[in-house]
Amino acid sequence: MPKITAIESFDVRFPTSKMLDGSDAMNQDPDYSAAYLRITTDQPGLHGDSLVFTIGRGNDVQIAAINMLTPKIAGLSVDDAFTRIGEITRELSGDSQIRWLGPDYGVFHMAAGAVLNALWDLFAKAKGVPLWKLLSDMTPEQIVDAIDFRYITDALTREEALDILYRGNDAKKSNEEILRSKGLPAYTTSPGWLGYSDEKMLDLTKKAMDDGFTLIKYKCGKSIADDQRRLGKVRELVGPNFPIAIDANQVWDVDVAITWINALKEYKLRWVEEPTSPNDVLGHAKIAAAVAPTPIATGEMASSRIIFKQLLQAKGFSVMQIDATRVAGVNENLANILMAAKFGIPVCPHAGGVGLCEMVQHLAMWDAVAVTGHHTSRVVEFVDHLHQHFLDPVQISGGNYIAPQRAGAGAEMHQSSIDEYSFPNGTYWKNEAVS
Ligand SMILES: [Mg+2]
């Protein structure tokens, strides 16, 4: 029975700000980064890897937080950790001195997520299966045992979660066959960064359509006139019916959002993403009501299952965008996906960044196999950046995510990439310092 022997962390930063990749109305110069950790065991070659995505300097505090939490799992056997994963999630978020800095959101919550996600990577590797398959083969009882239902039972009880999972049980086999043969529909944000020229945006849009994507998303929010110009050019290129969405990355106050979104109605948007502060549940509800039928989407920075619960209860959105590293790991996202299922809201995961596509696809695939099945309202974000640094980079074919076969949860990076981009002593950053 392998045992956890050590946990190492790495500060990995990619110089993406130089290319304006990832630029949007809120984040003008991101250096896509990973606060990366590795749980090693006494079984040679068996380790669990994961990361928290940040956009640069935040790595300093994120790694400090991860390093404060990892002693809680030192010395555990892998089997015990798997059996006790529900307790472990509560222990990671329940340390009373650390909890003061949350609770259940922010740097320590994300650090808990990193530890949990690395444990899930370890479990999947120990069992020799990809994470989506591990989750899909777990019993409904095992899944609900992994969830911390504290603060969400007014929206979803353990019994209701079990009901949802038992209802999905019979279709699991056929859903898995569909997943293995067709994959899951992806959408792309790659053409739409705010720093790109109109020409680059349109060239990349045409390429995305040729590649088979059936939804394309654009950053917005510089000015209404700028958005009208860009969306007008896109609509002209893609035609009247091709689905397009926009993403404001939180730049608007509530009433500004309502005016702005209503000024873009003619472009028939599939959704408007992150119109305002991710914590403003009532603001989202006000916007959603005032701009209907244009759908509102959010969630990539929703800090916990509690915010998602309120967004569902208040009708603050009609598309839930979970993120693999924003909340407390796989465990909390199981809760988020089950809550969305109960409220009948599709989960269209957020991805991009560093490794987020590699990680979140597993959760969407579990949703498709074991929870809500295959349907047209789920699309998973895809951004074509930085995949080359991962051992098991996402495979996209004909606009679909292809189900990964390799054991694990997807976040393991090549050691050579870690060595090159470790900050500040990796080879890239050392050279940068002297140039
Ligand atoms: Mg977004």
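Residues numbered from 1 in each chain as written. Predicted model: local features only at pLDDT ≥ 70, side-chain atom pairs only at ≥ 80, totals over all residues.

Moving on: the overall build of the protein. Helix and strand content of the protein: 18 helices and 12 strands. For the protein, whose C-alpha radius of gyration is 21 Å, the value lies close to the compact-globule estimate of 22 Å for 435 residues. When its C-alpha atoms are laid out on the principal axes, the protein stretches across 60 × 60 × 45 Å. Put simply, the protein has 435 residues, and 52% of those count as buried. For the protein, restricting intrachain contacts to residue pairs at least 6 apart in sequence, the fraction spanning at least 24 positions comes to 76%. (Helix = DSSP H or I, 4+ residues; strand = E, 2+ residues; numbered from the N terminus. Rg over C-alpha atoms; globule rule 2.2 N^0.38 Å. Buried ≥ 20, exposed ≤ 12 C-beta atoms within 10 Å, placed from the backbone. Contact = placed C-beta atoms within 7 Å.)

What follows covers the environment of Asp198. Looking at the secondary structure, you find Asp198 in helix α10 (residues 198–210). Measuring from C-alpha to C-alpha, the distance between Asp198 and Asp211 comes to 20 Å, with 13 residues separating the pair along the chain. Beyond its immediate chain neighbours, meaning those up to four positions away, Asp198 contacts Arg230 and Lys233.

Bringing the UniProt feature "domain: Mandelate racemase/muconate lactonizing enzyme C-terminal" (unreviewed entry) in the protein into the picture now. Mapped onto this numbering, the UniProt entry annotates "domain: Mandelate racemase/muconate lactonizing enzyme C-terminal" (unreviewed entry) at residues 198–294. The span residues 198–294 carries 49% helix and 13% strand; its end-to-end C-alpha distance comes to 24 Å. (UniProt positions renumbered as here; feature names shortened; annotations may be inferred.)

Let us now look at helix α13 (residues 281–291). Among the residues of α13, Val281, Gly283, His284, Ile287, Ala288 and Val291 are the ones counted as buried. For α13, the angular spread of the buried residues around the axis is 155°, confining them to a single face. In this structure, the buried side of α13 is in contact with α12 (254–262), β8 (296–298) and α14 (305–313). (Arc of directions from axis to C-beta.)

With that out of the way, let us pick up the packing of helix α15 (residues 329–343) against helix α16 (residues 356–371). It is the contact of α15 with α16, at a shortest axis distance of 11 Å, that shows an interaxial angle of 45°. Overall, the two elements α15 and α16 adopt an arrangement that is oblique. In this structure, α15 crosses over α16, and the sense of that crossing is right-handed. Residue-level contacts link Asn333, Ile337, Leu338 and Ala341 of α15 to Leu363, Asp367 and Val371 of α16. The residue inventory of the contact of α15 with α16, partitioned by class, reads 5 nonpolar, 1 polar and 1 charged. (Axes fitted to C-alpha atoms, helices over the stretch in contact; angles between N-to-C directions. Parallel < 35°, antiparallel > 145°, perpendicular 65-115°, else oblique. Left-handed = near helix turned anticlockwise from the far one by under 90°. Nonpolar A, V, L, I, M, F, W, Y, C, P; charged D, E, K, R; others polar.)

The next point concerns the pairing of strand β2 (residues 33–41). Taken across its 9 residues, β2 has 8 buried, putting it largely inside the fold. Across 9 bridges, strand β1 (residues 4–13) lies against β2 in antiparallel orientation. By the bridge assignment for β2, Ser9 is matched with Leu37. With 8 bridges joining them, β2 and strand β3 (residues 47–54) adopt antiparallel strand pairing. From the neighbouring strand, Leu37 faces β3, where its bridge partner is Ser50. From the end of β2 to the start of β3, which pair antiparallel, there are 5 residues, and Gly45 there has a positive phi angle of about 85°. (Pairing = 2+ DSSP bridges.)

In this section: the environment of Lys72. Relative to the assigned elements, Lys72 resides in the loop between α1 (59–69) and α2 (78–83). When the C-alpha positions of Lys72 and Glu236 are compared, they lie 56 Å apart, and in sequence the two are 164 residues distant. Those residues in contact with Lys72 that sit more than four places away from it in its chain are Glu91 and Leu92.

In this section: α10. For α10, which comprises 13 residues, the first-to-last C-alpha distance of 18 Å matches the rise-based estimate of 18 Å (1.5 Å per residue) to within 8%. Turning to α10, its buried residues are Met201, Thr205 and Ala208. Relative to the axis of α10, the buried residues are bounded by an arc of 65° and lie together on one face. Seen from the buried face of α10, the exposed residues on the opposite side, beyond 90 degrees, are Glu199 and Asp210. Turning to α10, the residues buried within the fold contact β4 (184–188), β5 (216–219) and α11 (224–238). (Expected span 1.5 Å × (residues − 1).)

Now for the pairing of β5. Both faces of the sheet carry side chains from a regular strand, because those side chains alternate between them. Neither face of β5 is left uncovered, since the one carrying Ile216 and Tyr218 and the one carrying Lys217 and Lys219 both have all their residues buried. Pairing analysis gives 4 bridges linking β5 to strand β6 (residues 244–247), with the strands arranged parallel. Bridge pairing in β6 places Lys219 opposite Asp247. Taken together, β5, α11 and β6 form a β-α-β motif whose crossover is right-handed. (Right-handed = clockwise from strand over helix to strand, strands pointing away.)

The topology assignment puts Leu356 in helix α16. Note: C-alpha distance between Leu356 and Phe382 (26 residues apart in sequence) is 9.0 Å. Apart from residues lying up to four places away in sequence, Leu356 is in contact with Phe53, Asp323, Ala324, Thr325, His350 and Ala351.

Attention now moves to the sheet that holds β2. Read across the sheet, 3 strands follow the order β1-β2-β3 without closing on themselves; strand pairing throughout is antiparallel. Either end of the sheet is taken by a strand with one partner, and the two such strands are β1 and β3. Averaged over neighbouring strand pairs, the angle between their axes works out to 15° when direction is ignored. Where helix α5 (residues 107–127) meets the sheet, it contacts β2 and β3, and its direction lies at approximately 145° from that of β3.

At a closest axis distance of 8 Å, the pairing of α1 and α5 adopts a crossing angle of 60°. Comparing their axes, α5 and α1 come out oblique. α1 and α5 meet at a crossing whose hand is right-handed. Contacts between α1 and α5 involve Val61, Gln62, Ala65, Ile66 and Leu69 from the first element and Val107, Phe108, Met110, Ala111, Ala112, Ala114 and Val115 from the second. Residue composition of the contact of α1 with α5, grouped by class: 11 nonpolar, 1 polar and no charged.

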